[in-house]
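Next come the chains, spelled out residue by residue.
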Amino acid sequence: MKKTIFGFAIAVFAALMVSCGGKAENNGAADEGYTFSVQNNITGTTGTANCHIPDLGAPMSFEVSGEGDIVDVTATVKVTHRDKSELADEPRATTELWISGRQDDNKDTQITLTADEEMQKQIIEWLSQPAGTELDIVFKGKVPKADLDKLNAKECTNTLVL
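Because the structure is predicted, anything quoted here is derived from the model rather than measured. (Residues numbered from 1 in each chain as written. Predicted model: local features only at pLDDT ≥ 70, side-chain atom pairs only at ≥ 80, totals over all residues. Heavy atoms only, no water.)

1. Quick word on the packing of aromatic side chains
Geometrically, a pair of aromatic rings is defined through the distance of the ring centres and the angle of the planes. Applicable threshold: In summary, the pairing rule links any two rings of Phe, Tyr or Trp, Trp by its six-membered ring, whose centres are within 6.5 Å, and it sorts them by plane angle into stacked for under 30 degrees, edge-to-face for over 60 and tilted for everything else. By definition, any uninterrupted DSSP run of H or I lasting at least four residues is a helix, any uninterrupted run of E lasting at least two residues is a strand, and each is numbered from the N terminus. Note on classification: 1.4 Å probe, protein chains only; a residue is buried when its accessible area is under 20% of the maximum for its type, exposed when over 50%, partly exposed between these limits.
Scanning all chains against the criterion turns up 1 aromatic pair. Here the aromatic rings of F36 and F62 are separated by 4.9 Å at their centres, their planes lie at 85°, and the arrangement is edge-to-face. On the criterion of sequence distance, the pair formed by F36 in the loop between α1 (2-19) and β1 (44-46) and F62 in strand β2 (residues 60-65) is long-range, its members being 26 residues apart. Grouping residues by exposure puts F36 and F62 together as buried.

Structure, rendered in structure tokens:
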């Protein structure tokens, strides 16, 4: 009798698992969606003489949301004010992050993300701060998913445009 009840309980459990998608606990791995990363951090700066203020190598993290051919990308870059640089020019009206990479056909793929107006105010304040001051710069943009696929998990040229 115990074997019959136990067998029935296993059958009910299996039926419930199948009706709920047939998955046991997946710790969210199947639900994470699309992820994007690059192998390296900031590799260069450009824009104005102020571009020499941040240390190179600033770490980056990415979040991708949305579905379809165009997705929303948010990148956060932690920058540190170098000790031998000070504000040299009037700050740019926008700050951008360029991520580019050469493909097998020898063509470049580039995505551009931009800091919003509120973030730009924080960047301007940070530019005049003393050495060692850190700032997390948040860049956002709508990007073709096909371009992300070409750059995903690769060594890229990552330029901070200040």
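Once the structure has been displayed, the description carries forward.
2. Concerning a negative patch on the surface
Formally: Candidates for patches are residues over 30% relative accessible area with no salt bridge; among them, like charges are joined within 9 Å and nonpolar side chains (Val, Leu, Ile, Met, Phe, Trp, Tyr) within 5 Å. For every accessible area listed, the method is Shrake-Rupley and the probe measures 1.4 Å; residues are considered covered only by the protein chains on display. Each salt bridge in this description consists of a side-chain nitrogen of Lys or Arg and a carboxyl oxygen of Asp or Glu lying within 4 Å of one another. Counted charges follow a simple rule, with Lys and Arg positive, Asp and Glu negative, and His plus the chain ends left uncounted. Charge positions come from single atoms, namely NZ of Lys, CZ of Arg, CG of Asp or CD of Glu.
Residues D116, E117, E118 and E125 make up a contiguous surface patch of negative charge. Following the sequence through the fold, E117 ends up in helix α2 (residues 117-127).

3. Digging into the sheet that holds strand β7 (residues 157-161)
Note the cut-off: By definition, two strands form a pair when at least two bridges between them are found by DSSP. Whenever a helix is involved, its axis is fitted only over the stretch in contact; in every case the axis is a line through C-alpha atoms, and angles between N-to-C directions fall within 0 to 180 degrees. In this description, contact between two residues means that some pair of their heavy atoms is separated by no more than 4.5 Å.
The mixed open sheet is built from 7 strands, whose spatial order is β1-β7-β4-β5-β6-β3-β2. Sheet topology places β1 and β2 at the edges, where each strand pairs with a single neighbour. Averaged over all adjacent pairs, the angle separating strand axes in this sheet is 25°, with direction ignored. Direction of pairing for β1 relative to β7: parallel, over a ladder of 3 bridges. Bridge pairing links T46 to V161 in β7. Running at roughly 145° to strand β6 (residues 134-144), α2 makes contact with β3 (70-80), β5 (108-115) and β6 of the sheet.

4. Considering the confidence of the model for the chain
For the record, the criterion: pLDDT is defined as a per-residue confidence score from the predictor, taking values between 0 and 100.
Of all residues in the chain, 80% have pLDDT values of 70 or greater, and the mean over the chain is 83. Segment residues 2-31: pLDDT under 50, and 5 contacts once partners within four positions in sequence are set aside and those in other chains are kept.

5. A word on the pairing of β2
Covered by surrounding structure in β2 are M60, F62 and V64 only, the residues S61, E63 and S65 on the alternate face being uncovered. Between β2 and β3, which pair antiparallel and follow one another directly, the connecting turn spans 4 residues, one of which, G66, has a positive phi of 100°.

6. Let's talk about the nonpolar core
As a reminder of what qualifies: The criterion is simple. A nonpolar core is a set of buried Ala, Val, Leu, Ile, Met, Phe, Trp, Tyr and Cys residues joined through side-chain atoms within 4.5 Å.
Counting residues in hydrophobic clusters, the biggest one holds 31 residues, and the most contacted among them are L97 and F139. The set of elements that each furnish at least two residues to this core consists of β2, β3, β4 (96-102), β5, α2, β6 and α3 (145-151). Setting aside its immediate chain neighbours within four residues, L97 contacts I42, M60, A75, V77, I111, T112, L113, F139 and T159.

7. Brief notes about the environment of L160
Looking at the element boundaries, L160 is found in strand β7. The sequence separation of L160 and E96 amounts to 64 residues, and the corresponding C-alpha distance is 6.1 Å. Among all residues touching L160, those that are not within four sequence positions of it are I42, G44, T45, T46, P54, V79, E96 and F139.

8. Focus on unusual backbone geometry
Positive phi is not limited to glycine here, since N106 has a value of about 70°. With respect to the helices and strands, N106 occurs in the loop between β4 and β5. N106 gets classed as exposed once you look at its relative accessible area, which sits at 54%.

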